[in-house]
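Each chain is listed here by its residues.
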Amino acid sequence: MPWFKRSKKAKPTAATRPRSQVPEGLWVKCDGCREIIYSKELERNQQLCPKCGYHFRISAWERIDLLLDDESPRELFGRVSPIDPLKFKDSQPYKERLKRYQRKTGCRDAVVVVEGHLDELPVILAALEYSFMGGSMGSVVGEKITRAAEEATRRKRALIVVSASGGARMQEGALSLMQLAKISAALARLSDARLPYISILTDPTTGGVTASFAMLGDLNIAEPGALIGFAGPRVIEQTIGESLPEGFQRSEFLLQHGFLDLIVERSEMKATVARCLRHFLH
């Protein structure tokens with residue numbers, strides 16, 4: 001057969017190319033070292049990169065499981081639900097936004113409060129859920145953390161709050177900002193009762209959360225590399241007209257400048273908090 005009559009095979013296109021049989025979500029790219037990690041290995045390692053130690057964000061319930069001894073700690077104030085007092089609407093009504101995040105996360109709002117035991121020590125633990133509207137602090141977050149502090153005071157227990165938040169929730173306006181003073185007052189009463197409050201700051205902890213309960217701990221502990229601050233670096237640079245130092249607003253920078261007491265890796269967090277609580281309680 002002459003060469004000009006030979007039929008050429010068409011190159012495979014995206015539509016005709018056989019699809020990969022590798023299941024979605026099997027591999028994860030690390031934001032720290034950019035290496036590809038097997039997702040099961042990441043789960044076994046408490047969501048820490050086995051190559052560089054980068055701390056991936058985890059949910060509120062995963063935080064609770066890592067810190068508490070109890071297999072099923074009792075949730076407190078679980079029926080407290082958000083409302084829409086301002087009838088706020090941006091790209092969609094606030095009510096619809098709340099419903100969407102409730103379906104997505106299984107949480108009524110951006111904080112979970114439980115009672116349980118940390119290395120056999122009775123504690124009240126609150127953990128913010130960053131997947132719920134960026135862990136933003138609205139009236140429900142303020143109410144539940146205030147109640148957590150009051151419950152700890154009433155029952156003579158230590159209080160632990162794990163923060164992961166973009167700050168105050170704009171959809172609730174001044175009602176959100178009021179929570180800063182409300183929580184701070186409850187923490188002052190806890191302090192007057194000579195009960196310990198440990199604040200754990202994770203990536204990110206910013207805005208009104210940083211300006212209130214996140215930095216009011218008897219001990220302020222952060223995970224490595226966590227972004228912690230009030231205004232974002234870009235806003236600060238535009239305001240002061242200067243470049244910021246390398247690592248600005250990361251936990252290592254804050255520890256160096258006296259804003260934190262400790263930086264602790266996730267794998268060591270439970271043991272470290274238990275040791276600190278025993279020091280406070282005895």
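This one's a predicted model, so the numbers in the text were calculated from it and none came from an experiment. Numbers given to residues run from 1 along each chain, matching the order in which its sequence is written. Local features in a predicted model are, by the rule used here, given only for residues with pLDDT of at least 70; side-chain atom pairs are given and counted only at 80 or more, and totals for whole chains, interfaces and linings are based on all residues. With hydrogens and water excluded, all non-hydrogen atoms of the structure serve as input to the side-chain values.

(A) Representation of the overall build of the protein. On a plain count of helices and strands, the protein comes out with nine helices and ten strands. With the C-alpha coordinates of the protein rotated into their principal frame, the extents come out at 95 × 50 × 45 Å. Relative to its 282 residues, the protein shows a buried fraction of 43%. Between two residues, a contact is recorded if the distance between any of their heavy atoms is within 4.5 Å. Contacts spanning at least 24 positions in sequence make up 67% of the contacts within the protein whose residues lie at least 6 apart. Only DSSP runs of H or I covering at least 4 residues are called helices, and only runs of E covering at least 2 are called strands; the numbering of each starts at the N terminus. Only protein chains enter the calculation, and the probe is 1.4 Å; a residue is then buried if its accessible area is under 20% of its type maximum, exposed if over 50%, and partly exposed in between.

(B) Spatial organisation of the nonpolar core. Residues grouped as a nonpolar core are buried Ala, Val, Leu, Ile, Met, Phe, Trp, Tyr and Cys residues, joined through side-chain atoms within 4.5 Å. Judged by nonpolar contacts, the single largest core of 37 residues is most densely connected at Ile 145, Leu 159, Val 161, Leu 187 and Phe 213. Those elements that provide at least two residues to this core are α3 (94–105), β4 (111–118), β5 (121–128), α4 (139–155), β6 (158–165), α5 (173–192), β7 (197–206) and α8 (251–256). Once you skip the residues sitting within four places of it in the chain, Leu 159 turns out to touch Ile 124, Ala 148, Ala 149, Ala 152, Leu 187, Leu 190, Pro 196, Tyr 197 and Ile 198.

(C) Focus on the pairing of β6. Within β6, eight of the eight residues are buried, leaving the element largely enclosed by the surrounding structure. The alternating pattern of β6 places Ala 158, Ile 160, Val 162 and Ala 164 on one face and Leu 159, Val 161, Ser 163 and Ser 165 on the opposite face, and all of these are buried. When the strands point away from the viewer, a crossover counts as right-handed if the path from the first strand over the helix to the second runs clockwise. Following the backbone out of β5, through α4 and into the adjacent parallel β6, one traces a crossover that is right-handed. Two strands are counted as paired when DSSP detects at least two bridges linking them. As paired elements, β6 and β7 share six bridges and run parallel to each other.

(D) Here's a closer look at the packing of α4 against α5. Fitted lines through C-alpha atoms serve as axes, helices being fitted only where they are in contact, and the angles separating the N-to-C directions of these axes extend from 0 to 180 degrees. Between α4 and α5, the least distance of the axes is 9 Å, while the angle of their chain directions is 5 degrees. It follows that α4 is roughly parallel to α5 by the angle criterion. Residues Ser 139, Gly 142, Glu 143, Ile 145, Thr 146, Ala 149, Glu 150, Ala 152 and Thr 153 of α4 pack against Leu 175, Gln 179, Lys 182, Ile 183, Ala 186, Leu 187, Arg 189 and Leu 190 of α5. All residues other than Ala, Val, Leu, Ile, Met, Phe, Trp, Tyr, Cys, Pro, Asp, Glu, Lys and Arg, Gly among them, are scored as polar; the first ten of these are nonpolar and the last four charged. Looking at side-chain class alone, the contact of α4 with α5 contains eight nonpolar, five polar and four charged residues. Each angle receives one of four descriptions, namely roughly parallel if under 35 degrees, roughly antiparallel if over 145, roughly perpendicular if within 65 to 115, and oblique otherwise.

(E) Spatial organisation of the packing of helix α2 (residues 60–67) against helix α9 (residues 266–281). Packing of α2 against α9 leaves a shortest axis separation of 9 Å and a crossing angle of 55 degrees. The pairing of α2 with α9 is recorded here as oblique in orientation. Here Arg 63, Leu 66 and Leu 67 of α2 come into contact with α9, specifically with Arg 266, Met 269 and Lys 270. Looking at the contact of α2 with α9 residue by residue, the classes come out as three nonpolar, no polar and three charged.

(F) Expanded view of the layout of surface pockets. As a volume, the largest pocket reaches approximately 210 Å³. Computed over the protein atoms alone on a 1 Å grid, cavities are sets of points where a 1.4 Å probe fits but cannot get out and pockets are open sets with protein on both sides within 12 Å along at least five of seven lines; a residue lines them when it has an atom within 4 Å of a point. Along the wall of the largest pocket there are 18 residues; nearest its centre are His 55, Asp 203, Pro 224, Gly 225 and Ala 226. Of the residues belonging to the lining of the largest pocket, the class tally is eight nonpolar, four polar and six charged. Grid points are joined across faces, edges and corners, and a volume is the space filled by probe spheres set on the points.

(G) Region of interest: α9. Residue count minus one, scaled by 1.5 Å, sets the expected span of a helix. End to end, α9 covers 23 Å across 16 residues, agreeing with the expected 22 Å (1.5 Å per residue, within 8%). Buried residues of α9: Arg 266, Met 269, Thr 272, Val 273, Ala 274, Cys 276 and Leu 277, and no others.

(H) Region of interest: α4. Given a rise of 1.5 Å per residue, 17 residues ought to cover 24 Å, and the 24 Å separating the end C-alpha atoms of α4 matches this to within 8%. Within α4, the full set of buried residues consists of Val 140, Val 141, Gly 142, Lys 144, Ile 145, Thr 146, Ala 148, Ala 149, Glu 151, Ala 152 and Thr 153. The inward-facing, buried residues of α4 contact β3 (74–76), β4, β5, β6 and α5. With its phi angle positive at about 60 degrees, Lys 156 sits one or two positions after the end of α4.

(I) View of the side chain of Ser 165. Secondary-structure assignment places Ser 165 in strand β6. Here a polar contact is taken to be a pair of N or O atoms separated by no more than 3.5 Å, where protein atoms must pair a possible hydrogen donor with a possible acceptor and residues adjacent in sequence count only if both atoms sit in side chains. One polar contact links the side chain of Ser 165 to the main-chain carbonyl oxygen of Gly 135, over a distance of 2.7 Å. The contact partners of Ser 165, leaving out residues within four places of it in the chain, are Leu 128, Tyr 130, Gly 134, Gly 135, Ser 136, Met 137, Pro 204, Thr 205, Thr 206 and Val 209.

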